[in-house]
Amino acid sequence: MTHASVPTLIIERLKANTTLATKIGDRIHYQAIPQDSQLPHIYFTRQDEQNESLIDGSDGVTEDRYVFELVAETFDDELVSALIESVQFDGFDWNGLTIFMSDISSVSDDYLFRSAKSDADFMHGCVLTIYLCEQ
């Protein structure tokens, strides 16, 4: 597998979280948001990637970045905690990839939410960086 399969891993992790499964259900959207998506929902998209080349020309660690949006009608700290908890990666192999770790940071102050609706009073955004390499 390649790092292009990482969104599948992210979705699996989000769906495995019982809080998210109860409150979000199948409203986890990657790259596109259906018009009929109800709140709350999670939307994420790949922001960028950076590949490190080693001295011998082989591939080193890839930094794969995703932007996440959690949009709801009201503030729900439990949802934010569940989202962050679900995307904490720490040293494991998955489908031909070695996932070293992840890092979560806030979106910039001028970030424009893509999945917000007029009835959304709560929006949380974060950037997930996953450090990985192909085996």
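Shown above is the structure to which this text applies.
Residues numbered from 1 in each chain as written. Predicted model: local features only at pLDDT ≥ 70, side-chain atom pairs only at ≥ 80, totals over all residues. Heavy atoms only, no water.

1. Here's the deal with the sheet that holds strand β5 (residues 97–106)
- Pairing is mixed in the open sheet, where six strands are placed in the order β1-β2-β3-β6-β5-β4. Only two strands of the sheet have a single partner each, and these edge strands are β1 (28–30) and β4 (90–94). Each strand axis lies, on average, 30° off the axis of its neighbour in the sheet, ignoring direction.
- Bridging between strand β3 (residues 59–72) and strand β6 (residues 122–134) involves 11 bridges; their strand directions are antiparallel. The residue bridging V71 from the neighbouring strand is M123, located in β6. (Pairing = 2+ DSSP bridges. Helix = DSSP H or I, 4+ residues; strand = E, 2+ residues; numbered from the N terminus. Axes fitted to C-alpha atoms, helices over the stretch in contact; angles between N-to-C directions.)

2. Focus: helix α1 (residues 6–16)
- Listed as buried for α1 are V6, P7, L9, I10 and L14. Seen from one end, α1 has its buried residues packed into an arc of 155°, which puts them on one side. (Buried < 20%, exposed > 50% of the residue type's maximum accessible area, 1.4 Å probe, protein only. Arc of directions from axis to C-beta.)

3. Quick notes on the side chain of T129
- Structurally, T129 can be placed in strand β6.
- Owing to a relative accessible area of 6%, T129 belongs among the buried residues under this scheme.

4. Some words on the pairing of β4
- Pairing geometry for β4 and β5, over four bridges, is antiparallel. Looking at β5, one finds that W94 is bridged to L97.
- Here β4 folds back onto β5 in antiparallel fashion, the turn holding two residues, of which N95 has a positive phi close to 45°.

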